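Report on the structure
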Amino acid sequence: LDYNEMNRSCKLSQGCSKHLGQPIQEYCDDCKQLLCLQCLAITNHHEHQLSKYSDYLGKCTIEAKDCLRRVRNLAQRTEEARRKLMNYKKKYEECYRQSLVVLESFTIVSNGMKEWKEKTLDNLENRKELQWRQLEERILVLKKIR
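Residues numbered from 1 in each chain as written. Predicted model: local features only at pLDDT ≥ 70, side-chain atom pairs only at ≥ 80, totals over all residues. Heavy atoms only, no water.

Turning our eyes to something else, we now look at the pattern of salt bridges. Applying the stated rule across the entire model yields 7 salt bridges. In this structure, Glu79 and Arg82 form a salt bridge, with 2.6 Å as the shortest nitrogen-oxygen distance. With Glu79 and Arg82 both in helix α3 (residues 53–145) and 3 residues apart, the pair spans about one turn of that helix. Put simply, Glu79 and Arg83 hold a salt bridge, and the shortest N to O gap is 3.5 Å. Here the residue Glu79 and the residue Arg83 both occupy positions in helix α3, the gap between them amounting to 4 residues, near one helical turn. (Salt bridge = Lys/Arg side-chain N within 4 Å of Asp/Glu carboxyl O. Helix = DSSP H or I, 4+ residues; strand = E, 2+ residues; numbered from the N terminus.)

This part covers a nonpolar patch on the surface. Among the surface-exposed residues, Tyr92, Tyr96, Leu100 and Leu103 lie close enough to one another that they form a single nonpolar patch of about 450 Å² accessible area. For Tyr92, the position within the fold is in helix α3. On the basis of relative accessibility, which here comes to 56%, the residue Tyr92 falls in the exposed class. (Patch = residues over 30% accessible without salt bridge, like charges linked within 9 Å, V, L, I, M, F, W, Y side chains within 5 Å. Areas by Shrake-Rupley, 256 points an atom, 1.4 Å probe, with all protein chains shown as cover. Buried < 20%, exposed > 50% of the residue type's maximum accessible area, 1.4 Å probe, protein only.)

Structure (structure tokens):
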């Protein structure tokens, strides 16, 4: 049943929409219309597939229950997906925080290594200069001895 049919069936407690006060007796499956006895008498539904109104209501009830079951199932699956998504979001945020800590640690180590490199190069340069001076002094001493 589509929405319009279900909407029409909800108005059934009011009776026939064409013949006020007349109770609905049949449903025309071909025309998709609810019919009272007057509708049956004055309209051409004789060759159409008709259902008792109670059977039609039973069919509508079954379809409505099935629709409700599917909506509840979908709502449950949606809630499960939302919970999983929130869990993934929490895990992502925790990983992101941890990556920031790791990045900060790498930055500290990198800066420390740069300082160590500069100090080491300065020390090597100073030692080189000291060794050159010592070497030059020895050369001078050796030249004086000769």
